[in-house]
Amino acid sequence: MNTQIQYATAKPTGSKLKIITGAAAIVIVIGAIAADTKVVKIGSEHDVREQGFQPDAYGAQEFPKVQMDVAQRAVDAVALATAVLADKKIAGEKYGVATTTGPVLPVSLSGTFGDRKANLNEFKVDGMPDGVTVRIQTGPAINGTDLRDATGKIEFGQFTNQIEYQNAGSAINNEMKKATLGSIDPEKLTGKTAKIVGVFKLINPKNWLVTPVKVDVK
């Protein structure tokens, strides 16, 4: 008599079925996460955004742009002083970038450093009209937001809040100190001639406080 043996296909028990189902679900979730994951290179533009506003990185990125823009538009100091004294409003509109407290003007100056007081040096410009006083911010503290506002391309709407906007100005000032004033001893500038490119806010036509972007000491 032939005996036929039948083998039944083993079926997973209830507990095994739950484990298999759970493992499959985990694989699906991991796959979905991987598909939605963006690889961000450390130090890249996206990395900065992921971390939130980084002042040092922002200053290093933006100051060269500000420096180039100002240098390209800079007006000779004597010609600018003549225009400003003739008509402050017209000169501001022609050469400057408007802000809520007055236009920021780009200027190129040649002359001699004078007395130093606090973070400033007086600067005597060759051929300047009488009565116009020029002072240069030489550090270590650099105040104001003239560099941030100089191009008209950095606006409040680009930042999360007023604090970030203010920090952007400080960051650009700090980068300028490194790039432009880093090799200069401000205590030894008096009496030295220089060519300077910078900006100032036109409030008083006879009193200029210039924040430099380039300083070439002779």
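What counts, and where the lines are drawn
The numbering scheme is per chain: residues are counted from 1 as the chain's sequence reads. Only residues with pLDDT of at least 70 get local features here, since the model is predicted, and only at 80 or more are side-chain atom pairs given and counted; chain-wide, interface and lining totals rely on the full set of residues. Excluding hydrogens and water, the side-chain figures rest on all heavy atoms present in the structure. Each helix is a run of H or I in the DSSP string that is no shorter than four residues. Each strand is a run of E no shorter than two, and both are numbered from the N terminus. The cut-offs for exposure are 20% and 50% of the maximum accessible area for each residue type, with area from a 1.4 Å probe on protein chains only; residues under the lower value are buried, those over the upper are exposed, and the others partly exposed. Whether two residues are in contact is decided by their heavy atoms: any pair within 4.5 Å suffices. All accessible-area figures derive from a Shrake-Rupley calculation using a 1.4 Å probe, and residue coverage is judged against the displayed protein chains alone. Salt bridge, as used here: a side-chain nitrogen of Lys or Arg that lies within 4 Å of a carboxyl oxygen of Asp or Glu. None of His or the chain ends enter the tally, which takes Lys and Arg as positive and Asp and Glu as negative. Here an angle of 0 to 180 degrees is reported between the N-to-C directions of two axes, which are lines fitted to C-alpha atoms, with helices fitted over the stretch in contact. Angles are sorted into four bins: roughly parallel if under 35 degrees, roughly antiparallel if over 145, roughly perpendicular if 65 to 115, and oblique for all others. Crossing handedness is read from the near helix: turned anticlockwise from the far helix by less than a right angle, it gives a left-handed crossing, and turned clockwise, a right-handed one. Charged means Asp, Glu, Lys or Arg here, nonpolar means Ala, Val, Leu, Ile, Met, Phe, Trp, Tyr, Cys or Pro, and polar covers whatever is left, Gly included. Joining through side-chain atoms within 4.5 Å is the link that ties buried Ala, Val, Leu, Ile, Met, Phe, Trp, Tyr and Cys residues into a set, and such a set is a nonpolar core.

1. Notes on the overall build of the chain
Here's step 1: Along the backbone of the chain there are 7 helices and 6 strands.
Here's step 2: Overall, the chain shows an N-to-C arrangement of helices and strands of α-α-α-β-α-α-β-β-β-α-α-β-β.
Here's step 3: Buried positions account for 35% of the 218 residues belonging to the chain.
Here's step 4: Of the contacts formed within the chain by residues at least 6 apart in sequence, a portion of 67% connects residues at least 24 apart.
Here's step 5: Summed over its atoms, the accessible surface of the chain is roughly 13,500 Å², and 56% of this surface lies on carbon and sulfur atoms.

2. Looking at the pattern of salt bridges
Here's step 1: Tallied over the entire structure, the rule returns 8 salt bridges.
Here's step 2: Across the pair Asp146 and Lys201 runs a salt bridge, and its minimum N-O distance is 3.8 Å. Of the two residues, Asp146 is situated in helix 6 (residues 146–149) and Lys201 in strand 5 (residues 193–201); the sequence distance between them amounts to 55 residues.
Here's step 3: You can call Lys201 buried: its relative accessible area is 17%.
Here's step 4: Via salt bridges that share partners, Asp69, Arg73 and Lys153 belong to a single interconnected network.

3. So, the side chain of Glu175
Here's step 1: Relative to the elements of secondary structure, Glu175 occurs in helix 7 (residues 162–181).
Here's step 2: Summary of buried charges: Glu175 has no salt-bridge partner, and the nearest side chain of opposite charge, Lys178, is 4.1 Å away.
Here's step 3: In this structure, Glu175 is in contact with Gly59, Ala60 and Phe63, ignoring residues within four places of it in sequence.

4. Structural notes on the packing of helix 3 (residues 55–73) against helix 7
Here's step 1: At a minimum axis separation of 8 Å, helix 3 and helix 7 run at an interaxial angle of 70°. Considered as vectors, helix 3 and helix 7 are oriented roughly perpendicular to each other. As helix 3 packs across helix 7, the resulting crossing turns out to be right-handed. Seen from helix 3, the contacting residues are Pro55, Tyr58, Gly59, Ala60, Glu62, Phe63 and Gln67; seen from helix 7, they are Ala168, Ala171, Ile172, Glu175, Met176, Ala179 and Thr180.
Here's step 2: Partitioned by chemical class, the residues of the contact of helix 3 with helix 7 number 9 nonpolar, 3 polar and 2 charged.

5. Looking at the nonpolar core
Here's step 1: Counting 43 residues, the largest nonpolar core has Leu109, Phe123, Val134 and Trp208 as its most contacted members.
Here's step 2: Residues within four places of Trp208 in sequence aside, it is in contact with Ala77, Leu80, Ala81, Val107, Met128, Val132, Thr133, Val134, Arg135 and Phe200.

Take it as geometry only, folks, not as evidence of what the structure does.
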